[in-house]
Amino acid sequence: MFPMFVLQLDFVRKKVAEISGRDEQEVRVAACPYRICPLGAHIDHQGGIVTAMTINYGVLLGFVPSNDSEVVLQSGQFKGVIQFRVDDLQNPIDNPENINWESYARGAVYALQSNGYDLKKGIIGYISGVKGLDSSGLSSSAAVGIAYLLALEDVNDLIVSPVDNIQLDKSIENKYLGLENGILDPSAILLSRYGYLTLMDCKTASPSHVYFSELSKSQWSQGQLPFKILLAFSGLQHNLPKKSGYNTRVFECKEAASALLGASGSEGVSNILCNVDRPVYEAHKCILEENLSKRADHYFSEMKRVVKGRDAWASGNLQEFGQLISASGRSSILNYECGSKEMIQLYEILLKAPGVLGARFSGAGFRGCCLAIVEPDLAEQAAEYVRAEYEKAQPELVCKIPADRRVLVCEPGDSARVILPDHRS
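Computed from a predicted structure; not experimentally measured.

Undergrad: So what exactly am I meant to see when it comes to helix α11 (residues 379–393) here?
TA: Since the α-helix turns once every 3.6 residues, residues separated by three or four places project in the same direction. Compared with the 21 Å implied by 1.5 Å per residue over 15 residues, the 21 Å span of α11 between its first and last C-alpha is a close match. Those residues of α11 lying buried are Ala379, Ala382, Ala383, Val386 and Tyr390. Projection of α11 onto a plane perpendicular to its axis shows the buried side chains occupying an angular sector of 100°, all on one side. Exposed residues pointing more than 90 degrees away from the buried face of α11 are listed as Glu380 and Lys392.

Right, dumping it as structure tokens:
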């Protein structure tokens, strides 16, 4: 389901037709949604279980096969034209500061080449995201990489499973771009299903899905989930600042794991908190210094919230699901000690908005947006409340955000896919 994407499909197809000289009916579109993670904050790097779902906003890549191996691309967000060949050898980027919008297209070719896929045809395409939603904690970079993978696979008649594409996107991020990103983002984008909550066990890299039981009941016979998603934007779009100490928090989690494993006599086990059994944590948590104690408390309490959240979702209990999301947000602030002043203000405003069932940061909490689930009949009223209150709190930041991008009312989405010329969704 791509309600928002449908509005942009015709535009993207027209742009590709203009660039390529082909008929619009020949244009296919790779639609790759953005994602949110309601529960499981900051525990993926410790092998925890993270929840995810996509939204009905994302990246569209319209494309046709080129007549040879040439790739020609234009962007809705960036100037210029990209031109290269899929039979060119792509070398990994040696400096992350050199990453630009061209890098993800080349990275997709690199990932496919280095994993033994035979590329003979390039693409002529036009890619467009949603203005203002990049650098917002919604995983826009993974959506871009996956869009290029799907398009290149399509024109080269390659059959690649979603699980294999997760690893290919990881190859783009880790090996070509040199970024330390995990599998959470591509997993959410490629595996999510409408009506389901996706759970990713980051220790075993195994996904599972939980169905929202209320969806099949008569009052929801039209197939609409009984909530909306609010995305409220802070106006902060810089990268994680070094002074934030976010990397330090990751290290502190490992230190806490090391101390707990050592106290229990466990040896030869990686120092990550998923390797610490809860009884061991409860028996030895008193040995942890304050910072390490807070990080461990966040991990173990968040794992408990994930399990409760899974069960609440399965039973259709949105009130409990929302309360768990809000509790996760509080633990991010108090125990994981992340979040900028502005993001914390935005989180607190969301909690007071009419109809909001739960809210938290989207991402680490230093930039981008906060997310909330909200009763559908009160979604617009909640959005207006948040716009007004955050403008009072941060007028200088708000004036930099386009008026129609300050708070978005979204719906849950579906998985990434290639839309054929005769389809609109």
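Undergrad: Can you help me understand the pairing of strand β4 (residues 82–85) in this one?
TA: Regular strands place their side chains on alternate faces of the sheet. Covered by surrounding structure in β4 are Ile82 and Phe84 only, the residues Gln83 and Arg85 on the alternate face being uncovered. Bridging between strand β3 (residues 70–75) and β4 involves four bridges; their strand directions are antiparallel. If you follow Glu70 over to β4, its bridge partner there is Arg85. Between the antiparallel neighbours β3 and β4 lie six residues, among them Gly80 with a positive phi of about 95°.

Undergrad: Even after reading the chapter, I still don't get the packing of helix α8 (residues 290–315) against helix α9 (residues 318–334), so can you show me in this structure?
TA: Helix packing geometry: the angle between the two helix axes and the distance between the axes. Between α8 and α9, whose axes approach to 9 Å, the crossing angle comes to 170°. In this view, α8 runs roughly antiparallel relative to α9, as classed from their interaxial angle. Only Glu320, Phe321, Leu324, Ala327, Ser328, Ser331, Ser332 and Leu334 of α9 make contact with α8, whose side of the interface consists of Lys294, His298, Ser301, Glu302, Arg305, Lys308, Gly309, Ala312 and Trp313.

Undergrad: Just checking my understanding: could you explain unusual backbone geometry for this structure?
TA: Peptide bonds are mostly trans, and most non-glycine residues show a negative phi. With a phi angle near 60°, Ala205 is a residue other than glycine that sits in the positive phi range. Following the sequence through the fold, Ala205 ends up in the loop between β6 (196–201) and β7 (206–211). A positive phi angle, close to 55°, is found at Glu337, a residue other than glycine. Position of Glu337 relative to the elements: it lies in the loop between α9 and α10 (341–352). Accessibility expressed as a relative area gives 27% for Glu337, which makes it partly exposed.

Undergrad: Before we go on, may I ask you to explain the environment of Gln77 in this structure?
TA: Position of Gln77 among the secondary structure elements: in the loop between β3 and β4. Each C-alpha atom of the pair Gln77 and Trp101 lies 9.2 Å from the other, and the pair is 24 residues apart in sequence. Polar contacts involving the side chain of Gln77 include one to the main-chain amide nitrogen of Gly129, which spans 2.8 Å.

Undergrad: Explain the packing of aromatic side chains to me, please; I cannot follow it from the model alone.
TA: The geometry of an aromatic ring pair is captured by two quantities: the separation of the ring centres and the angle between the planes. Inspection of the entire model under this criterion finds ten aromatic pairs. When the centroid spacing of 6.2 Å and the interplanar angle of 10° are considered together, the rings of Phe78 and Trp101 count as stacked. Residue Phe78 is found in the loop between β3 and β4, and its partner Trp101 is found in helix α2 (residues 101–114); the two are separated by 23 residues along the sequence. The exposure class of Phe78 is partly exposed, given its relative accessible area of 43%. Classification of Trp101 as buried rests on a relative accessible area of 16%. Of the aromatic side chains, those joined through ring pairs into one cluster are Phe212, Phe227, Trp313 and Phe321. Looking at Arg193, its charged tip hangs above the ring of Tyr196, at a distance of 5.4 Å from the centre.

Scoring rules and cut-offs
Residues numbered from 1 in each chain as written. Predicted model: local features only at pLDDT ≥ 70, side-chain atom pairs only at ≥ 80, totals over all residues. Heavy atoms only, no water. Helix = DSSP H or I, 4+ residues; strand = E, 2+ residues; numbered from the N terminus. Expected span 1.5 Å × (residues − 1). Buried < 20%, exposed > 50% of the residue type's maximum accessible area, 1.4 Å probe, protein only. Arc of directions from axis to C-beta. Pairing = 2+ DSSP bridges. Axes fitted to C-alpha atoms, helices over the stretch in contact; angles between N-to-C directions. Parallel < 35°, antiparallel > 145°, perpendicular 65-115°, else oblique. Contact = heavy atoms within 4.5 Å. Polar contact = N/O pair within 3.5 Å; in protein donor to acceptor, adjacent residues only side chain to side chain. Phe/Tyr/Trp six-rings, centres within 6.5 Å; stacked < 30°, edge-to-face > 60°. Lys NZ or Arg CZ within 6 Å of the ring centre and 35° of its normal.

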